[in-house]
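Structure assessment
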Amino acid sequence: MLTETKMLYEIQLWCCQWGGKSHLFFLFILSLLCIQISAQECSECRMVLSNPTGIFTSPCFPNNYPNNQACKWTIRAPSGYIIQTTFVDFDIEEASGCKYDHVSLDTGDKKDSYCGMTAKGLSFNSSRNEMIVSFTSDFSIQKKGFSATYTRIAVSLKNQKVVIPQFLDSESVSLANSIHVPELNQFTLCFEARENNSNNYEWKAFSYGDSSVEFFSFGKTEKGHFIFISDSQCFLNDALDIGPGDNIFTETFEELCLVWDSSSGIVGINIKETYKTVHCLDTYGKVIPGDGKLVLGSNREDINPLPGDMYNFRLWNFTMNSQSLFNLTCDDKGNIIDWENDFWSIPTTFLKAENNLSCGSYLVLLPTVEPTSCATTGSLCRATVSSTTPSPTVTTNMPDTNRTDKIMDGRLYYRIDFTVYRIKEDAEPNIQNVIREWLIQTMGTWNYNVCVVDVSVEPSSTKNAARGKRSVNQSFEVRALLAFNSTNNVSLEEQTIRKKLENSNITENLKLHNVIVHSIGKDRGFFCCCC
């Protein structure tokens with residue numbers, strides 16, 4: 001301010017030499033100086049917005065925006081999403097060609113400018129996972145400005161689940177006609193599913209065959225869960241450790257892997273980190289024909305489709321052992337069928353995007369304010385930016401403007417236990433710190449507002465029975481307390497936390513095992529400094 005005061009003093013001295021007309025010239029120079037100072041005292045409206053959904057406004061909204069503003073909002077989403085921005089309110093100075101005050105949109109494939117009230121109520125979609133919204137005002141005429149919402153729209157199948165059609169006369173979810181399925185004398189098949197109605201005793205999760213004959217399917221009858229391979233039905237209850245009336249799928253997603261080899265007639269089942277086998281001798285020497293049609297659910301009248309959702313259906317034409325299944329990640333693509341758009345024909349009615357899918361894309365939140373050249377922010381109004389808590393469901397339609405969510409008071413606490421195995425003895429000299437930092441970072445960069453309240457990492461003490469000496473520590477027991485700051489009635493299932501941990505790698509030499517998550521209820525006097 002010393003420089004500006006000195007400038008004002010020098011202008012006043014200089015104006016005195018101009019006699020009676022000096023006051024007019026002084027006011028002109030003073031107005032120019034105020035414009036310069038206002039430009040320097042810019043509001044923080046140059047921002048990077050990377051939350052799943054949110055609201056941003058012009059400076060001072062709903063009051064008139066200031067003069068000489070140059071705002072820029074860069075809205076980013078993970079790969080596999082586009083951005084949809086909707087102007088809920090819009091009132092900008094109107095002029096031919098919007099040459100004065102205006103809002104500019106860069107959607108990736110084109111750039112347009114809007115002024116007046118032309119954009120009110122309109123929605124705009126980006127052609128990529130980024131959209132840039134700019135707002136510019138000149139030195140005169142101020143209006144109310146705008147209020148806008150933004151949300152992500154999933155375009156990658158990794159960010160979407162399939163709601164299985166429940167009626168034969170509806171469109172089916174099937175493999176694309178361009179995908180060729182060869183003859184199979186062995187396979188590994190993995191998919192995730194959830195069941196909405198546990199009282200349904202008969203269903204099929206998928207069916208593969210031609211118009212008259214079924215070659216391959218998996219489902220459930222009153223006798224229990226079964227796999228059907230080339231006219232042979234084999235029940236899997238013994239390997240699943242459940243009764244005929246029990247269900248392997250619940251209201252949260254569970255991954256199931258099936259492995260079959262014709263040369264042995266053995267079927268392997270991997271679920272909940274447990275691998276068991278069943279001898280299905282009638283499938284010995286059988287071959288599953290190629291070039292059939294794969295449908296998720298059931299396209300036959302004799303049995304209903306699975307009443308629920310499916311996700312991440314993958315098929316390989318070779319067998320995997322239990323260790324390979326344990327190490328299976330989202331990056332392992334099925335060499336026959338994969339969970340990508342090109343492999344499937346799915347009516348949009350049965351697609352639903354969610355934020356907590358195990359192999360979905362998530363964006364690590366960046367600082368929301370870009371550096372500007374302004375020395376100070378001054379006392380001007382700030383542009384409003386708010387981000388709503390990520391909801392488990394991101395709709396692919398217009399944003400819901402009639403939400404009735406209510407805020408829940410208190411935090412939810414979860415106690416987690418898991419084991420970390422060290423593959424190489426000389427790997428990571430300070431393993432305890434590596435594990436702690438990994439856990440804190442994994443929870444801290446999640447879409448859910450979760451923080452690590454306390455964590456304990458202790459080496460597992462095992463004795464060598466032959467020598468009576470302690471062996472080198474190859475595993476570590478980890479116990480931690482997590483706090484989930486729940487707003488907007490967003491729930492966080494134990495299964496979701498377990499999946500998050502299992503799909504996050506610590507290092508190449510440290511592997512996670514036996515993740516157990518227990519909810520211990522709402523705030524009971526714990527102190528969490530990071531939420």
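Our subject is the structure that appears above.
For every chain, the first residue of its written sequence is number 1, and the numbers climb from 1 along that sequence. A pLDDT threshold of at least 70 governs which residues receive local features in this predicted model, and a stricter bar of 80 or more applies before side-chain atom pairs are shown or counted, although totals over entire chains, interfaces and linings include all residues. Working from all heavy atoms in the structure, the side-chain values ignore hydrogens and water.

1. Re helix H5 (residues 431-444)
Numbering of helices and strands runs from the N terminus, with a helix taken as a DSSP run of H or I at least four residues long and a strand as a DSSP run of E at least two residues long. Here the expected span of a helix is defined as 1.5 Å times the quantity of residues minus one. In a regular helix each residue adds 1.5 Å, so 14 residues correspond to 20 Å; H5 covers 20 Å between its end C-alpha atoms and thus fits that length. Those residues of H5 not exposed but buried are Ile-431, Ile-435, Trp-438, Leu-439, Thr-442 and Met-443. Down the axis of H5, the buried set is contained in an arc of 115°. They therefore lie on one face. Within H5, the exposed residues directed more than 90 degrees away from the buried face are Glu-437, Gln-441 and Gly-444. Any residue under 20% of the maximum accessible area for its type is buried, any over 50% is exposed, and the rest in between are partly exposed; the area is computed with a 1.4 Å probe on protein chains only. Comment: arc refers to directions from the helix axis out to C-beta atoms.

2. A closer look at the state of the cysteines
Every disulfide links exactly two cysteines, by a covalent bond between their sulfur atoms. Any pair of cysteine sulfurs within 2.5 Å is marked as a disulfide. Scanning all chains against the criterion turns up five disulfides. Each sulfur of the disulfide joining Cys-45 and Cys-71 lies 2.0 Å from the other. With the S-S bond torsion at -75°, the cross-link from Cys-45 to Cys-71 turns out left-handed. One end of the pair, Cys-45, is in the loop between helix H2 (22-40) and strand E1 (46-49); the other, Cys-71, is in strand E3 (residues 70-76), with 26 residues separating them in the sequence. The pair formed by Cys-45 and Cys-71 is uniform in burial state, with each residue classed as buried. What pairs with Cys-190 in a disulfide is Cys-257, and their sulfur atoms sit 2.1 Å apart.

3. With respect to the side chain of Gln-160
Inspection of the secondary structure assignment puts Gln-160 in strand E10 (residues 160-163). A distance of 3.2 Å separates a polar side-chain atom of Gln-160 from the backbone oxygen of Ser-156. Residue contacts for Gln-160: discarding those within four places in its chain leaves Ala-154, Val-155, Tyr-311, Trp-339, Leu-351, Lys-352, Ala-353 and Leu-357. Pairing of N or O atoms within 3.5 Å defines a polar contact, subject to two protein rules: one partner must be a possible hydrogen donor and the other a possible acceptor, and residues neighboring in sequence count only if both atoms are side-chain atoms. We call two residues contacting when some pair of their heavy atoms lies within 4.5 Å.

4. Regarding the packing of aromatic side chains
Ring pairs shown here join Phe, Tyr and Trp side chains whose ring centres sit within 6.5 Å, with only the six-membered ring taken for Trp; geometry is labelled stacked below 30 degrees between planes, edge-to-face above 60, and tilted in between. In the structure shown here, the tally under the stated rule is 28 aromatic pairs. Aromatic pair Phe-56 and Phe-146: ring centres 5.9 Å apart, planes at 80°, arrangement edge-to-face. With Phe-56 in strand E2 (residues 53-57) and Phe-146 in strand E9 (residues 145-154), this pair connects stretches of sequence that are 90 residues apart. Of the two residues, Phe-56 and Phe-146, neither departs from the other in class, the shared state being buried. An angle of 75° between the planes, with centres 6.0 Å apart, marks the rings of Phe-87 and Phe-124 as edge-to-face.

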